[in-house]
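Per-entry structural report
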Amino acid sequence: HDNVGIVDLRAGTRVAGKDMPVQFTVELANYGSSMAEVTVVVYDDTTGQEMLQVDFNPSMPVKVPPGKTTMATFEVRFNPQVKAGQPYHALISARLESAQRGKLENDGLTGDNIRHATVEVRDRVPILVIDGNGPKGREENGDTFFLKTALDSVPGASYEIFYGDVLGGGLPTKALERGDLHKFPTIFLLNVRELTDKQLTNLENYLKDGGGVGFFLGPNVSAGY
């Protein structure tokens with residue numbers, strides 16, 4: 001038997017704001033000896049209905065060479081009834097069908113024809129900003145000032161920015177010692193001199209758990225560190 005399967009389905013972010021576009025990547029593998037042409041169909045696992053308004057890049061059906069993998073991306077916007085501070089978990093699945101939207105022929109393994117993914121949808125997406133200049137960075141032409149302006153300019157964005165100096169009692173990097181870093185999908189470090197061992201360990205664990213970190217260098221940064 002030949003076999004084509006979905007080996008990965010992942011979202012570009014763990015947490016998204018309501019009605020914000022979320023990009024998903026699906027990876028297909030062809031374990032057979034001949035070219036395969038398949039169609040990926042996306043379902044809303046909460047309702048069990050096919051999500052018809054999904055545009056793939058590249059478009060479907062897609063060809064997967066023998067012994068190779070092929071990737072495709074698509075965007076989904078989730079617009080559930082979300083109350084402030086109460087997360088909603090959107091569940092979707094990608095399913096493999098033939099190019100003619102039927103069952104795959106001569107497919108050796110059916111279990112890998114479906115993959116699931118989840119995204120936490122919130123009314124507002126929390127972002128942690130750690131500025132080496134503390135509250136001065138929020139003043140006009142400061143680092144946080146520019147970052148906030150950029151985030152606010154994203155169409156349909158619903159970000160809520162938390163500041164490290166506020167959470168850390170006046171010390172921006174102390175916010176990295178908190179035990180709830182996982183609630184922030186992204187942490188930005190702006191012109192931060194250095195981190196303590198505890199802060200670095202927490203940040204590394206946060207990354208391993210799927211968090212995203214952006215580093216912006218500046219004159220305060222310790223080059224040696």
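Note that this is a predicted model, so its numbers are computed, not measured.

Further remarks concern unusual backbone geometry. Excluding glycine, most residues fall at negative phi; most peptide bonds, likewise, are trans. The residue after Asn-57, namely Pro-58, is reached through a cis peptide bond having omega 0°. Along the chain, the position of Pro-58 falls in the loop between strand E6 (56-57) and strand E7 (62-64). Residue Pro-61 follows Met-60 across a cis peptide bond; omega there is -5°. With respect to the element layout, Pro-61 can be found in the loop between E6 and E7. In this structure, Arg-101 is a non-glycine residue whose phi angle is positive, near 65°. Mapped onto the elements, Arg-101 comes out in the loop between strand E9 (88-98) and strand E10 (114-122).

Burial analysis of strand E4 (residues 36-44) places seven of its nine residues in the buried class, the great majority of the element. As judged from the three bridges shared by E4 and E7, these two strands associate in the antiparallel manner. For Ala-36, the partnering residue across the bridge sits in E7 and is Val-64. Direction of pairing for E4 relative to E9: antiparallel, over a ladder of seven bridges. By the bridge assignment for E9, Val-38 is matched with Ser-98. When E4 meets strand E5 (residues 49-50), the two strands line up antiparallel, connected through two bridges. Within E5, the position partnered with Tyr-43 by the bridge is Glu-50.

With that settled, consider helix H3 (residues 197-208). For H3, with 12 residues, the first-to-last C-alpha span of 16 Å sits near the 16 Å given by 1.5 Å per residue. Of all the residues in H3, the buried ones are Gln-199, Leu-203 and Tyr-206. The buried residues of H3 occupy one face: seen down the axis, they fall within an arc of 60°. Away from the buried face of H3 by more than 90 degrees, exposed residues Asp-197 and Lys-208 are located. Where H3 is buried, its residues meet strand E13 (186-190) and strand E14 (212-216).

So, how was this worked out
Residues numbered from 1 in each chain as written. Predicted model: local features only at pLDDT ≥ 70, side-chain atom pairs only at ≥ 80, totals over all residues. Heavy atoms only, no water. Helix = DSSP H or I, 4+ residues; strand = E, 2+ residues; numbered from the N terminus. Buried < 20%, exposed > 50% of the residue type's maximum accessible area, 1.4 Å probe, protein only. Pairing = 2+ DSSP bridges. Expected span 1.5 Å × (residues − 1). Arc of directions from axis to C-beta. Contact = heavy atoms within 4.5 Å.

Honestly, it's all geometry; don't read function into it.
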